[in-house]
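Summary of structural features
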Amino acid sequence: MDETFLTTEEVLEYLQVNLRTVYRLIKAGKIPAERDGRQWRFRKRDIDAWLDSQRPRGGARATPASTAPAARAKLRSVRAFSSSMTNRVSATCSQKRSVSRTTMSTRHRTAARR
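**Some points on the overall build of the protein chain**
Of the regular secondary structure elements, the protein chain holds four helices and three strands. Along the chain direction, N to C, the helices and strands of the protein chain fall in the order β-α-α-β-β-α-α. Buried residues in the protein chain amount to 20% of all 114 residues. Intrachain contacts of the protein chain at a sequence separation of at least 6 include 59% that bridge at least 24 residues. For the protein chain, the computed accessible surface area is about 8,700 Å², with 51% contributed by carbon and sulfur atoms.

Here it is, written out as structure tokens:
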């Protein structure tokens, strides 16, 4: 059986998301991926199955005409996830900057006392 593996760049084009979003999804365990040395590989059939599992469940199976809205809804959820991760990173960075400023002001006061 011929298995098609995708690179990270191919997955970001396939999902139409940013590279950082792909890595965030990998880190969160939300996307099926395998590590091959220092690179990530994705089975195309696993990505397709994952996308199908992310679609809203309905009574009837989606027709090709109605898959576009489902794909847009999935893209919105991936972008929302990306946005929430960006906000968390920004909050963490500003906390670190705050600590750095406190440390710097303490150093300046200590140096001034000498």
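After presenting the structure, the write-up continues.
**Describing the nonpolar core**
In terms of nonpolar packing, the biggest core is built from 16 residues, with Val11, Leu15, Val22, Ile31 and Phe42 touching the most fellow members. Only α1 (8-15), α2 (19-27), α3 (44-54) and α4 (64-113) provide two or more residues apiece to this core. Contacts of leucine 15, omitting those with residues within four sequence positions, involve Ile31, Ile47, Trp50, Leu51 and Leu75.

**So, the sheet that holds strand β3 (residues 39-43)**
Within the open sheet, the three strands sit side by side as β1-β3-β2. Their pairing is antiparallel. In this open sheet, the two strands that pair with only one neighbour each are β1 (5-6) and β2 (34-36). Bridge analysis of β1 against β3 gives two bridges, and the strand direction is antiparallel. Bridging from a neighbouring strand, phenylalanine 5 pairs with arginine 43 of β3.

**A look at the side chain of threonine 8**
Tracing the backbone shows threonine 8 in helix α1. When neighbours within four sequence positions are excluded, threonine 8 is seen to be in contact with Leu19, Val22, Tyr23, Trp40 and Phe42.

**What to know about α3**
For α3, the full list of buried residues reads Ile47, Trp50 and Leu51. Taken down its axis, α3 places every buried residue within 100° of arc, on the same side.

Thresholds applied
- Residues numbered from 1 in each chain as written.
- Predicted model: local features only at pLDDT ≥ 70, side-chain atom pairs only at ≥ 80, totals over all residues.
- Heavy atoms only, no water.
- Helix = DSSP H or I, 4+ residues; strand = E, 2+ residues; numbered from the N terminus.
- Buried < 20%, exposed > 50% of the residue type's maximum accessible area, 1.4 Å probe, protein only.
- Contact = heavy atoms within 4.5 Å.
- Areas by Shrake-Rupley, 256 points an atom, 1.4 Å probe, with all protein chains shown as cover.
- Core = buried A, V, L, I, M, F, W, Y, C linked by side-chain atoms within 4.5 Å.
- Pairing = 2+ DSSP bridges.
- Arc of directions from axis to C-beta.

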